[in-house]
Structures are given as structure tokens and as C-alpha cells.
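Residue strings, one per chain:
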There are 2 protein chains.
Amino acid sequence: MVPGFADIIAAQARIAPYAVRTPLVESWQLNAITGGRVFLKLEILQRTGSFKFRGACNRLVMIPESERAKGVVAFSSGNHAQGVAAAARLFGMPALIVMPSDAPRPKIEGTRALGAEIVEYDRLRDDREAIAAKLCAERGAVLVKPFDDAGIIAGQGTTGLEIAEDAARFGVNLDEVLSPCSGGGLVSGLALALKGAGSTARVHSVEPDNFDGMKRSLEAGARVQAPGGKLSIADALMAPIPGVLVFELAKDVLAPGFAVSDAELERAVAFAAQTLKLLVEPGGAAALAALLAGRVDVKGKAAALILSGGNAEFAQIAEMARKFSA
Amino acid sequence: MVPGFADIIAAQARIAPYAVRTPLVESWQLNAITGGRVFLKLEILQRTGSFKFRGACNRLVMIPESERAKGVVAFSSGNHAQGVAAAARLFGMPALIVMPSDAPRPKIEGTRALGAEIVEYDRLRDDREAIAAKLCAERGAVLVKPFDDAGIIAGQGTTGLEIAEDAARFGVNLDEVLSPCSGGGLVSGLALALKGAGSTARVHSVEPDNFDGMKRSLEAGARVQAPGGKLSIADALMAPIPGVLVFELAKDVLAPGFAVSDAELERAVAFAAQTLKLLVEPGGAAALAALLAGRVDVKGKAAALILSGGNAEFAQIAEMARKFSA
């Protein structure tokens with residue numbers, strides 16, 4: 001079932017006691033560069049360092065008390081993993097997470113530190129969904145999908161409600177909103193929320209080159225698989241095709257998508273660190289990368305970018321910053 | 001003349017078109033560490049990377065049109081410099097800044113990039129106030145003091161109004177507020193603002209060891225010079241004694257002050273980068289350093305920390321992060 005605006009309102013009430021109400025802040029630096037007004041949604045400051053906690057928390061609250069003891073299973077390259085692990089710990093549920101063995105160390109360690117059990121798999125060889133389904137069946141646990149689930153989409157959509165509230169406080173009507181996109185739960189959920197809140201903003205997905213399934217699907221009017229291939233530095237954004245439920249929603253609420261190169265992502269990570277003073281992982285910087293690369297002209301307009309997540313190794317960001325230092 | 005609450009309200013209206021309305025965000029990580037609710041005022045996101053723009057902007061707006069052509073002169077180790085330069089550029093005024101030759105490169109470059117003329121001096125040998133006074137007299141320019149001025153204090157105090165507004169939105173009564181302190185314009189202004197807004201929070205200055213003039217003065221009940229000596233890594237916090245006007249206000253509105261060591265400052269900078277995902281310069285991390293070092297127990301309480309500024313070289317922060325990495 002595709003979620004509606006009411007589901008996002010309900011999710012907001014459910015997660016409010018647990019999730020961080022993250023700020024929207026105007027960037028004087030990006031205003032100067034673009035000639036527009038650019039606002040940043042600092043979702044790197046969310047619990048576990050990414051928006052993923054919102055969906056996981058909403059989904060887990062929806063599990064009836066009687067089914068909680070058997071726990072949850074999820075598959076994730078790291079941010080959904082930490083979101084699910086953190087929510088499970090809050091509700092006293094066991095969590096088992098299927099993670100690629102090449103996931104960034106802070107994501108694996110962060111997930112383990114939250115008390116989750118981790119099963120590693122080979123990103124290129126193994127079928128993570130099959131592994132997760134088997135483990136789920138063995139334990140009688142609930143599978144918490146990373147994006148193709150109404151509860152997850154509604155949870156991620158709460159970012160859009162907050163953006164709408166904060167834009168109103170600033171007295172701003174947003175014209176363009178850019179969001180990182182992997183399976184599409186965040187971007188479609190937040191577009192639904194903005195629309196429901198009366199915003200006329202155009203909401204754009206931003207994906208890595210070759211993993212731009214949402215962009216291609218929106219262009220085709222039907223779900224299309226991106227070619228994939230060489231791994232992107234945006235380890236969080238490598239879903240090759242949007243979810244079924246996600247696309248059912250996305251096709252009605254999204255403006256055309258964008259794709260960015262690894263070099264554009266690296267430049268955005270370096271810019272965030274050196275200029276904005278914010279540490280953002282490559283996938284989390286996708287929206288910023290699209291803006292800096294000129295995919296959208298916001299001169300004289302108001303735009304909001306989602307910055308999420310922040311779970312990169314500091315050394316990796318430092319390396320990118322060095323590459324782009326003056 | 002010591003400023004009153006009405007001056008801060010007036011400053012807020014004056015600077016609103018130019019200054020960033022910076023966010024207050026709850027830190028889930030610091031909540032977990034302290035057992036309290038810890039909110040961060042992200043003044044690193046202010047125009048020019050520190051709160052200093054607020055005071056400079058308010059002060060420059062107060063200069064009559066007829067006196068603006070001759071420009072302004074300021075002395076500063078870097079953050080006030082950038083604040084004054086940015087405000088001067090906005091109002092089309094020439095700015096001349098007297099800066100120590102050992103000021104961090106991003107601060108000197110940032111000031112120059114804002115169109116200011118820079119005169120360097122030797123921090124240990126020269127009298128910067130005398131140099132600035134002479135230049136001021138030669139040009140007929142207005143001297144914009146870094147802290148001991150009612151317009152400056154009122155401008156910095158606008159941070160306190162915003163904290164009070166945002167705390168109310170969160171439904172929180174703040175118990176403790178910690179702020180970096182050099183000459184004391186920020187901490188005394190924000191304490192006045194919080195008090196005027198009805199808050200009963202205890203507001204604490206945080207200074208580097210040996211440059212803790214405010215702490216010593218509050219203890220003595222009169223302005224006392226700190227010993228100084230070896231330079232602190234907090235280049236922005238090396239005023240050895242609070243301003244005259246500042247202390248007149250501070251003695252009525254501040255709770256006891258804290259002092260922190262260079263090692264505690266470094267640890268806070270590293271923690272901000274690695275855990276909070278925020279790049280904060282050593283002086284800007286003073287309040288966080290005091291919290292992490294246990295100077296105040298916020299268990300079961302609500303606290304706000306000012307994080308400002310963010311104008312360190314990335315490599316310097318990277319070095320501190322390396323030192324404290326697991």
C-alpha cells in the first residue's frame with residue numbers, strides 16, 4: 001500500500017519522542033555562490049547520523065507488542081542498519097543486520113555498538129535479500145526493508161514536514177528541493193509530505209552515475225534498472241532500481257532526477273568540510289554535489305538540500321578535502 | 001553605557017536581514033554521554049563562521065550614514081576581523097583590520113577575501129590598540145572594538161534571544177548555558193538576553209587556562225588580569241581581562257566561569273569532528289570542552305552550548321582528530 005500524507009503525520013507523532021528534530025539552516029556561502037537562497041536540512045545530526053532512523057523507528061513502533069520479542073532483521077550497507085539497530089535497542093528488540101563486508105568501518109562498528117548482531121555478505125556475489133529472508137524465517141522475526149515499505153517511506157517523509165514548517169518560519173516558499181536517492185524512500189516520502197503541506201516545490205532525486213535507477217525510471221515512466229557496475233564512492237546510494245511502492249508514489253510526486261559523478265561527490269564532500277564546516281559522507285552529499293555541479297539553477301529562487309548521512313571515516317573525508325584544498 | 005535587554009531586541013531587528021538565524025539542535029550523542037538534554041547553538045554556521053558578525057553588523061548599522069565613507073578600523077585575531085569586514089562590505093564601507101601575524105591562515109585569508117585592508121602586528125611585541133587608534137585618527141574612521149562596546153555586546157546577545165525562542169519551541173527550560181569567552185561580549189550579552197526573555201538558566205563563561213580573566217574576575221568581584229603567558233591553541237580566546245563595560249554587565253548576569261586546558265580543547269575539537277560531524281575551531285569548542293571534561297554535571301538537566309567559530313584550517317582539525325582516533 002502506497003502511504004498517504006496522513007501516514008506521514010502519524011509517523012511524525014510516533015517518532016517525535018525518539019528522533020532528533022533536525023534544523024534547516026540558510027547557507028550564506030551557497031547563497032553567495034548561487035545567487036539564490038539555499039537552505040540545508042542537517043540530517044547528519046539525526047540519531048545514528050542519517051535520516052534512516054526515522055523510517056526504522058516508525059516501522060518498529062508499528063510492530064505489535066506481541067511480535068516484538070522475536071526481533072527484527074534488516075539488510076543494509078550501513079545507515080539503515082544503524083537506524084534499525086538504534087530503534088530496536090530503544091524498544092528492547094533483538095536486531096540482526098545483514099551487511100556487505102566492504103561497508104565503511106564506522107557503519108559496521110556503529111551498528112555493532114548499538115547491540116545488533118551482524119551477518120556479513122559479499123556485495124557482488126551474495127543475494128542479501130535471500131540471506132535476510134532465510135534468517136527472518138528461521139527466527140520468526142520481522143523483516144524491516146530499507147525503502148519499499150509504507151511505514152519506512154512515511155517515516156522518512158517526516159523530513160518533509162519539518163522542512164515545510166521551517167521554511168514557513170523563514171517566510172520562504174521553496175522552489176526546488178534536492179535529496180540523495182538510493183531506493184527512493186526518502187525522496188518520495190519527503191515530496192509527499194511537502195505536497196501535503198501545501199508546498200509547490202519541485203523535488204529532485206540525486207543518484208550516483210550508473211546507479212540512477214530513479215532518474216531513468218522517472219524518464220521512462222516505469223521502473224528501470226540502472227546499469228550499475230563499478231562501485232560508487234557513495235556506498236549508501238547503490239540501489240540500482242527504485243522500490244515498487246516507492247515508484248508508485250515517486251512517479252506522481254517527483255520532478256526529474258539528477259545523476260552525479262564520483263568526482264562531483266568528492267568535491268561536494270570537500271566543500272562541505274572546508275566551507276560549510278560539516279562532515280558529510282559521499283552519499284549524503286549527493287544533493288550538494290548536484291547543486292555545485294550546476295544541475296539546477298537556483299538563482300533568484302529558494303532551494304533546500306538534504307544533507308544525510310554523516311557516517312564516513314574521518315580519514316576518508318580528510319583525504320577528499322586534501323585533494324580539493326587550495 | 002552598559003546595554004539593556006531592549007538594546008538586544010533592537011539589535012535583533014537590525015541584523016535580521018543580514019545574519020544567519022542559526023539553529024539550536026539537540027545532540028543525541030551528548031544526551032547519551034551526560035544523561036541530560038544537551039542542545040548545541042550552531043554558530044559555526046553564522047556568516048563568516050562565528051558569532052562575531054552579529055556584533056559587527058549591529059555596530060556598523062548604528063554608524064550614521066554621514067560617517068560611513070571614512071570606514072572602520074578594528075583589531076582582531078581573526079573572527080571579529082571577518083565579522084567587521086563582512087559587515088563593512090555589506091554597507092559599502094572601507095575596512096582596515098589590525099591582525100596578529102600568527103593568526104590562522106583561514107582567518108587572514110577570509111578577512112582579505114572580504115575586501116578588507118590588513119595591517120599585521122606581532123602579538124607579543126606590538127600594542128594593537130595603539131596601532132588601531134593611530135590608524136583610526138589618521139583616517140577619521142570609526143573604531144569597532146571587539147567586545148567592550150554596547151553595540152557589540154547587544155549584537156552578540158542576539159544569540160541568547162534565539163536560544164530562548166528555540167528552547168521554548170522544544171518545550172525546554174534550560175538549566176545551564178556554556179559559552180566560549182575571550183573579552184566577554186558574547187557570554188555577557190547572551191546571558192542578558194536569556195534573563196530578559198525570562199530564562200533562569202545559569203550562564204557560564206569558558207576560557208583557556210591562563211587566559212581565564214572572566215573566571216578570575218567573577219570570583220574576585222572585580223576585573224582581574226589572567227596570567228597569560230604561553231599562547232593557547234584557542235587563538236580566539238586570548239583576551240587576558242574582560243572589558244570594562246562587559247564586566248559591569250557580566251558580574252550581574254553570569255554564573256561562575258570555567259577554564260579548560262589545551263588538551264581538553266583538542267579533545268573537544270576531535271569529538272566535534274568525529275562524533276558530532278561538526279568542524280569547530282579550538283576556541284569555538286571551549287564550551288564543549290568544559291562539558292566533556294566534567295566541569296558541570298547536566299544529568300537530568302537541560303543545557304545549551306555555544307559552538308563558535310569554525311575558522312580553523314582543516315588540516316589542524318584533522319591532526320587533532322588523528323590524535324584522538326581509536
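Okay, so let's go over this structure. (Residues numbered from 1 in each chain as written. Chains lettered and ligands numbered in written order. Predicted model: local features only at pLDDT ≥ 70, side-chain atom pairs only at ≥ 80, totals over all residues. Heavy atoms only, no water.)

## Quick word on the overall build of chain A
For chain A, the count of helices and strands is 13 helices and 10 strands. The globule rule puts the C-alpha radius of gyration for 326 residues at 20 Å, and the 18 Å found for chain A is close to it. If one aligns the C-alpha atoms of chain A with their principal axes, the spans along those axes are about 55 × 40 × 35 Å. Buried positions account for 62% of the 326 residues belonging to chain A. Taking all contacts inside chain A whose residues are at least 6 apart in sequence as the whole, residues at least 24 apart take part in 73%. When the accessible surface of chain A is split by element, carbon and sulfur atoms take 52% of a total near 11,600 Å². (Helix = DSSP H or I, 4+ residues; strand = E, 2+ residues; numbered from the N terminus. Rg over C-alpha atoms; globule rule 2.2 N^0.38 Å. Buried < 20%, exposed > 50% of the residue type's maximum accessible area, 1.4 Å probe, protein only. Contact = heavy atoms within 4.5 Å. Areas by Shrake-Rupley, 256 points an atom, 1.4 Å probe, with all protein chains shown as cover.)

## Comments concerning the interface of chain A and chain B
How big an interface is tends to be stated in terms of accessible area lost as the parts join. In this assembly, 28 residues from chain A lie in contact with 28 residues from chain B. Summed over both sides, the interface of chain A with chain B buries roughly 2,300 Å², with 71% coming from carbon and sulfur. Sorting the residues of chain A by area buried against chain B places A:Trp28, A:Lys277 and A:Phe314 first, and these three jointly supply 31% of that buried surface. Summed over the shared surface of chain A and chain B, the number is six residue pairs in polar contact (both at pLDDT 80 or more). At the level of elements, strand 1 (24-26), helix 7 (150-170), helix 11 (262-276) and helix 13 (314-323) of chain A are the ones that each hand at least two residues to the side of chain A that touches chain B. (Buried area = accessible area lost by both parts, 1.4 Å probe. Polar contact = N/O pair within 3.5 Å; in protein donor to acceptor, adjacent residues only side chain to side chain.)

## Notes on the pattern of salt bridges
All names here are of chain B. Taken as a whole, this structure holds 57 salt bridges over all chains when the rule is applied. Where arginine 59 meets aspartate 149, a salt bridge forms, and the shortest distance between an N and an O atom there is 3.1 Å. Of this pair, arginine 59 sits in helix 3 (residues 52-61) while aspartate 149 sits in the loop between strand 6 (142-143) and helix 7 (150-170); the two residues are 90 residues apart in sequence, bridging distant segments of the chain. With a closest N to O distance of 3.4 Å, glutamate 109 and arginine 105 form a salt bridge. Taken together, the residues span about one helical turn, with glutamate 109 and arginine 105 both in helix 5 (residues 105-113) at a distance of four residues. (Salt bridge = Lys/Arg side-chain N within 4 Å of Asp/Glu carboxyl O.)

## Some remarks on empty space enclosed by the protein
Evaluation of the coordinates by the stated rule reveals three cavities of 30 Å³ or more. Together, 14 residues line the largest cavity, and A:Pro23, A:Asp166, A:Arg169, B:Pro23 and B:Arg169 are the ones closest to its centre. When residues of the lining of the largest cavity are traced back to their parent elements, those giving at least two are helix 7 of chain A together with helix 7 of chain B. Of the residues that constitute the lining of the largest cavity, the class distribution is six nonpolar, two polar and six charged. Reported here for the second largest cavity is a volume of approximately 60 Å³. What lines the second largest cavity is A:Val25, A:Glu26, A:Ser27, A:Trp28, A:Gln29, A:Leu40, A:Leu276, B:Ile44 and B:Leu45. (1 Å grid on protein atoms, 1.4 Å probe; cavity = no way out; pocket = protein on both sides within 12 Å on 5 of 7 lines; lining within 4 Å. Points joined across faces, edges and corners; volume = space filled by probe spheres on them. Nonpolar A, V, L, I, M, F, W, Y, C, P; charged D, E, K, R; others polar.)

## Details of the relation of the copies chain A and chain B
For the match of chain A to chain B, the screw axis carries a shift of 0.0 Å, the RMSD comes to 0.0 Å, and the turn is 180°. Such values leave the two copies arranged in the relation of a two-fold axis. When C-alpha distances to the rotation axis are compared across chain A, the minimum falls at A:Leu278, with a value of 2.5 Å. Of the interface residues in chain A, 100% have counterparts in chain B that sit at the interface too, so the contact is made through matching surfaces. (Least-squares fit on C-alpha atoms with pLDDT ≥ 70 in both.)

## Some points on the sheet that holds strand 5 (residues 117-121) of chain A
All names here are of chain A. Strand order in the open sheet made by the four strands is 5-4-3-6, with parallel pairing throughout. In this open sheet, the two edge strands, each paired with only one partner strand, are strand 5 and strand 6 (142-143). Both strand 3 (residues 72-75) and strand 6 contribute to a ladder of two bridges, which runs parallel. Bridge pairing links valine 72 to valine 142 in strand 6. (Pairing = 2+ DSSP bridges.)

## With respect to the packing of helix 4 (residues 79-90) of chain B against helix 5 of chain B
Residues and elements named next belong to chain B. At a minimum axis separation of 8 Å, helix 4 and helix 5 run at an interaxial angle of 10°. On the basis of their axis angle, the class for helix 4 and helix 5 is roughly parallel. Residues Asn79, Ala81, Gln82, Ala85 and Arg89 of helix 4 pack against Pro106, Lys107, Gly110, Thr111 and Ala113 of helix 5. (Axes fitted to C-alpha atoms, helices over the stretch in contact; angles between N-to-C directions. Parallel < 35°, antiparallel > 145°, perpendicular 65-115°, else oblique.)

## Some details on the sheet that holds strand 2 (residues 37-42) of chain A
Strands in a sheet are paired, the pairing made by backbone hydrogen bonds, and the direction either parallel or antiparallel. Residue and element names in this part refer to chain A. Across the sheet, six strands lie side by side as 1-2-10-7-8-9; this open sheet has mixed pairing. With one partner strand each, in any of the chains shown, strand 1 and strand 9 (258-260) form the two edges of the open sheet. Across this sheet, the average inter-strand angle for adjacent strands is 25°, counted without regard to direction. Taken together, the five bridges between strand 7 (residues 176-180) and strand 8 (residues 202-208) define a ladder with parallel strand orientation. Of the residues in strand 8, the one forming a bridge with valine 177 is valine 203. Strand contacts of helix 9 (residues 213-220): strand 8 and strand 9, with the helix running at about 130° to strand 8, the strand carrying the most contacts.

## A look at the pairing of strand 10 (residues 302-307) of chain A
Two faces make up the sheet, and in a regular strand the side chains alternate between them. Residue and element names in this part refer to chain A. Of all six residues making up strand 10, six are buried, and the element is well covered by its neighbours. Side-chain alternation along strand 10 places Ala302, Ala304 and Ile306 on one buried face and Ala303, Leu305 and Leu307 on a second face that is also buried. Sheet analysis places strand 2 next to strand 10, joined by six bridges and oriented parallel. Paired with leucine 40 across the two strands is leucine 305, which belongs to strand 10. As defined by bridge partners, strand 7 adjoins strand 10 across three bridges and the pair is classed as parallel. Bridged to valine 177 within strand 10 is alanine 304.

## Quick look at the packing of aromatic side chains
For any two aromatic rings, the description comes down to two numbers: the centre-to-centre distance and the angle of the planes. Within this structure, the stated rule accounts for five aromatic pairs over all chains. Judged by centre distance (5.1 Å) and plane angle (45°), the ring pair of A:Phe39 and A:Phe170 falls under tilted. Of the two residues, A:Phe39 is situated in strand 2 and A:Phe170 in helix 7; the sequence distance between them amounts to 131 residues. Measuring from centroid to centroid gives 5.8 Å for A:Phe314 and B:Phe314, while their planes differ by 10°, and the two rings are stacked. One end of the pair, A:Phe314, is in helix 13; the other, B:Phe314, is in helix 13 (residues 314-323), on a second chain. For the residue pair A:Phe314 and B:Phe314, the accessibility class agrees, reading buried in each case. The ring centre of B:Phe91 lies 5.6 Å from the NZ or CZ of B:Arg68, which sits over that ring. (Phe/Tyr/Trp six-rings, centres within 6.5 Å; stacked < 30°, edge-to-face > 60°. Lys NZ or Arg CZ within 6 Å of the ring centre and 35° of its normal.)

## So, the state of the cysteines
Residue and element names in this part refer to chain A. For the coordinates displayed, the defined rule picks out zero disulfides over all chains. With no disulfide of its own, cysteine 136 lies closest to cysteine 57 among cysteine sulfurs, the gap being 19 Å. The exposure class assigned to cysteine 136 is buried, which follows from its relative accessible area of 8%. (Disulfide = S-S within 2.5 Å.)

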